[in-house]
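Residue-level structure breakdown
Letter by letter, the chains look like this.
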Amino acid sequence: MVSDSIDPDRMARDIEAIAGFTEEDPRVGYSRPTFSPSWRRARDYVIGQAAVTGFKTRVDAAGNVHARNPLRGWSERVWLCGSHIDSVPTGGKYDGVVGVVVALEVIRSAPEAPVELIVFAEEEGTTFNLGMIGSRAWAGGLGPAELRELRNAKGEDFFSAAAAHGAALDRLAEEKLRPGAYLGLIETHVEQGPGLWKSGTAAAIVTAIAGRRQYACTLTGETNHAGATRMTDRRDALAGAAQIVTSLETLGRELDREDGQTVLTVGRLDVEPNAVNVIPGRARFSIDVRARSEETLDGADARLREMLGDIAAERGLELQVSCTESIAPVPLDPAVCARLRNAAARLGLDVPDTTSGALHDTAILAPLLPAAMLFVASRDGISHNPGEYSRIEDIACAARIVAEAVCA
Ligand code: GLV
Ligand code: MN
Ligand code: MN
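All values reported here derive from a predicted model rather than from experimental measurement.

A word on the overall build of the protein chain. Broken down by element type, the protein chain carries 12 helices and 16 strands. Relative to the globule expectation of 22 Å for 408 residues, the C-alpha radius of gyration of the protein chain, 22 Å, shows essentially globular dimensions. Its C-alpha atoms put the protein chain at 75 × 45 × 40 Å along the principal axes. Long-range pairs, those at least 24 residues apart, make up 76% of the contacts in the protein chain with a sequence separation of at least 6. Accessible surface computed for the protein chain: about 16,700 Å², of which carbon and sulfur atoms make up 50%.

As a further point, take the coordination of the manganese ion (ligand 2). His 84 (NE2), Asp 95 (OD) and His 189 (NE2) make up the full set of protein donors to the manganese ion (ligand 2), lying at 2.0 to 2.2 Å. Mapped onto the sequence, the residues coordinating the manganese ion (ligand 2) show the spacing H-x10-D-x93-H. In this structure, the manganese ion (ligand 2) lies 3.5 Å from the manganese ion (ligand 3), and both are coordinated by Asp 95. Taken together, the positions of His 84 in strand β3 (residues 79-84) and His 189 in strand β5 (residues 184-190) put the pair 105 residues apart, joining distant regions of the chain. According to the relative accessible area criterion, His 84 is buried, its value standing at 0%.

This brings us to the pattern of salt bridges. This model, assessed by the stated rule, comprises 23 salt bridges. In this structure, the salt-bridge partner of Glu 16 is Lys 93, at a minimum N-O distance of 3.0 Å. On the criterion of sequence distance, the pair formed by Glu 16 in helix α1 (residues 8-19) and Lys 93 in the loop between β3 and α3 (97-109) is long-range, its members being 77 residues apart. Exposure remark for Glu 16: the relative accessible area of 43% places this residue in the partly exposed category.

Another point: the coordination of the manganese ion (ligand 3). Looking at the manganese ion (ligand 3), the protein donor atoms are Asp 95 (OD), Glu 124 (OE), Glu 124 (OE) and His 384 (NE2), and they sit 2.0 to 2.6 Å from it. Donor residues for the manganese ion (ligand 3) sit on one chain with the sequence pattern D-x28-E-x259-H.

Here we come to the site of ligand 1. Inspection of the region around ligand 1 gives Glu 123, Glu 124, Arg 212, Arg 290, Ala 358, Leu 359 and His 384 as its neighbouring residues. Here an oxygen atom of ligand 1 and a side-chain polar atom of Glu 124 are 3.0 Å apart. Note that an oxygen atom of ligand 1 is positioned 2.6 Å from one of the backbone N or O atoms of Leu 359. Contact with the protein chains hides 91% of the accessible area of ligand 1, taken as 200 Å² for the molecule alone. For the shell around ligand 1, the class distribution of residues is 2 nonpolar, 1 polar and 4 charged.

All right, on to the nonpolar core then. Burial of nonpolar side chains together is a common tendency in soluble globular proteins. Trp 138, Leu 147, Ile 186, Leu 365 and Val 406 are the most contacted members of the largest nonpolar core, which has 100 residues in total. With 10 residues, the single largest contributor to this core is helix α12 (residues 392-407). With residues up to four places along the chain from it excluded, the contact list for Ile 186 reads Trp 79, Leu 80, Cys 81, Gly 82, Val 336, Leu 340, Ala 372, Val 402, Ala 405 and Val 406.

Here we come to the side chain of Gln 214. Mapped onto the elements, Gln 214 comes out in strand β7 (residues 211-220). According to the relative accessible area criterion, Gln 214 is buried, its value standing at 17%. Reaching out from Gln 214, the side chain makes a polar contact with the side chain of Asp 288 at a distance of 2.8 Å.

Another aspect to go through is the packing of aromatic side chains. Any two aromatic rings considered together are summarised by their centre-to-centre distance and by the angle between their planes. Under the definition given, this model contains 9 aromatic pairs. Here the aromatic rings of Phe 35 and Phe 158 are separated by 5.5 Å at their centres, their planes lie at 50°, and the arrangement is tilted. Here Phe 158 lies in helix α6 (residues 158-162) and Phe 35 lies in the loop between α1 and α2 (37-52), a separation of 123 residues in the sequence. The exposure classification of Phe 35 matches that of Phe 158, with both residues buried. Considering the side-chain rings of Trp 138 and Tyr 182, the 5.9 Å spacing of their centres and the 75° angle between planes classify their relative orientation as edge-to-face.

Burial analysis of β3 places 6 of its 6 residues in the buried class, which makes it a mostly covered element. The sheet contact formed by β3 and strand β4 (residues 115-120) spans 6 bridges and is parallel. For Leu 80, the partnering residue across the bridge sits in β4 and is Glu 116. Of the crossover connections in this fold, the one passing from β3 over α3 to the parallel β4 is right-handed.

Right, let's get into the layout of surface pockets. Size it by volume and the second largest pocket reaches roughly 270 Å³. Lining the second largest pocket are 14 residues, and of these Thr 34, Thr 127, Asn 152, Ala 153 and Lys 154 sit closest to its centre. Here the residues of the lining of the second largest pocket sort into 4 nonpolar, 6 polar and 4 charged.

Note on placement: Arg 32 falls in the loop between α1 and α2. Here Ile 18 takes part through its backbone oxygen, which lies 3.0 Å from a polar atom of the side chain of Arg 32.

Quick look at empty space enclosed by the protein now. Applying the stated criterion across every chain, the model contains 1 cavity of 30 Å³ or more. Approximately 30 Å³ is the volume found for the largest cavity. Asp 60, Ala 61, Ala 62, Ala 137, Trp 138, Leu 172, Glu 175 and Lys 176 together form the lining of the largest cavity. Across the lining of the largest cavity, the residue classes break down as 5 nonpolar, no polar and 3 charged.

About the cut-offs
- Each chain has its residues counted from 1, running along the sequence as written.
- In the order they appear in the text, chains get letters beginning with A and ligands get numbers beginning with 1.
- Under the rules for a predicted model, residues below a pLDDT of 70 receive no local features and side-chain atom pairs below 80 are neither given nor counted, while totals for whole chains, interfaces and linings still include all residues.
- The side-chain numbers reported here are obtained from all heavy atoms of the structure, hydrogens and water having been left aside.
- Secondary structure is summarised from DSSP: a helix means a run of H or I of at least four residues, a strand means a run of E of at least two, and numbering begins at the N terminus for each.
- Here the radius of gyration uses the C-alpha set of atoms, whereas the globule reference equals 2.2 Å times the residue count to the power 0.38.
- By definition in these notes, contact holds between two residues if any of their heavy atoms fall within 4.5 Å.
- Method for areas: the Shrake-Rupley scheme with a 1.4 Å probe, in which residue coverage is limited to the protein chains shown.
- Distances decide who is a donor: an N, O or S atom must be within 2.8 Å of the metal, or within 3.2 Å for Na, K and Ca. Water is not included, so sites may look incomplete.
- Accessibility here uses a 1.4 Å probe with only protein chains present; expressed as a share of the type maximum, an area under 20% marks a residue as buried, one over 50% as exposed, and anything in between as partly exposed.
- Criterion for a salt bridge: a side-chain nitrogen of Lys or Arg within 4 Å of a carboxyl oxygen of Asp or Glu.
- Residues are labelled near a given molecule or strand when at least one of their non-hydrogen atoms is within 4 Å of it.
- For the purposes of these results, a polar contact is taken to be a pair of N or O atoms within 3.5 Å, where, inside protein, one atom must be able to donate a hydrogen and its partner to accept one; residues adjacent in sequence count only when each atom of the pair is a side-chain atom.
- When residue character is reported, Ala, Val, Leu, Ile, Met, Phe, Trp, Tyr, Cys and Pro are called nonpolar, Asp, Glu, Lys and Arg charged, and the others, Gly included, polar.
- Nonpolar cores are built from buried Ala, Val, Leu, Ile, Met, Phe, Trp, Tyr and Cys residues. Side-chain atoms within 4.5 Å join them into one set.
- Between the rings of Phe, Tyr and Trp (Trp by its six-membered ring), a pair exists once the centres lie within 6.5 Å; its type follows the angle of the planes, with under 30 degrees stacked, over 60 edge-to-face, and the other angles tilted.
- By this definition, two strands are paired if DSSP reports at least two bridges between them.
- Place the viewer so that the strands point away; then a crossover is right-handed whenever the path from the first strand over the helix to the second strand goes clockwise.
- Within this scheme a cavity is a closed region of a 1 Å grid, computed over the protein atoms alone, that accommodates a 1.4 Å probe without allowing it to escape, whereas a pocket is open but has protein on both sides within 12 Å along at least five of seven lines; lining residues each have an atom within 4 Å of a point.
- Grid points are joined across faces, edges and corners, and a volume is the space filled by probe spheres set on the points.

See below:
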């Protein structure tokens, strides 16, 4: 069987090598922001490993890396396999990396298989405040005008920052992904939830991905002196934000109780002027909502806007809410899921179905390509955390399933 040459030790070495490329001390966590020196070294490592297999590489206009056997032209229809190598700040070793390492091992084990390895650019949304930029720009969901508006912490737009890494705005239209250009997409990823670990299952087939809405909110009050302003005379933007954060948590708990699948997070908060003896005049924060249906996302949108409006009005604060991202829940392709299931069955593996609460580049490409995902068990469901861990034998099991699936 083609999957017999999948080598768990080689995959473990890849994971450790990529983990070694981090902007942060690994004792604190693994940080590979897109376009940072560590991100580039990790990307070059993957390109180097693909080259050892004899694969040639190109970087598309959106900054995604593609590697193929040179015996195949770039326009031949093959399977796309891969994930991302950028990370959240102080994240773990496995998020994204596992999908790239699985694809690397598949091309090493079966270099003649119809497979192209892909490393998507900027999946996490850490660097430009928007996730999955590489896949969105490639798929045509983000045009030049929108891409020019995205800014990193240095104030650079996506293409200025990406130019040194092979991306180019002027090639974007011509290189746009054509529906039907690939046989399909298979992304392997860690589950990032506890289901598989708890049930002692190595891997699962992902049949759908939850939708996400993200918001950028600003509360404006009045900056004033912390010692000389009576409590009754304050318009404290941070106190308003604090009330909003806990009220949103209550709303999230209610929604979760209703369907067991909807979650809500405030993950970012910036305060101005952020000084010990100054009443905060401005607070900016993010909201992230995930749900399995568009109706639930619409319902959450209405409820959170009403809640924010009431709290701001009660406290005499000015409120701005803008929805920065809206991604619908995505069903994955039943035929690709069946292909993975059959491959697992040929290997004598019982692989259940599941759905993904986290987003992935697959959600962006699924409307254009037959796409599915394979999840690998995550210890205790911990992710976006340096404690993230998946067993190498489970990761190798996923690689065997993918190798069988693309060779079938
Ligand atoms: C990806 O990490 C997500 O936020 O779902
Ligand atoms: Mn990921
Ligand atoms: Mn992630």
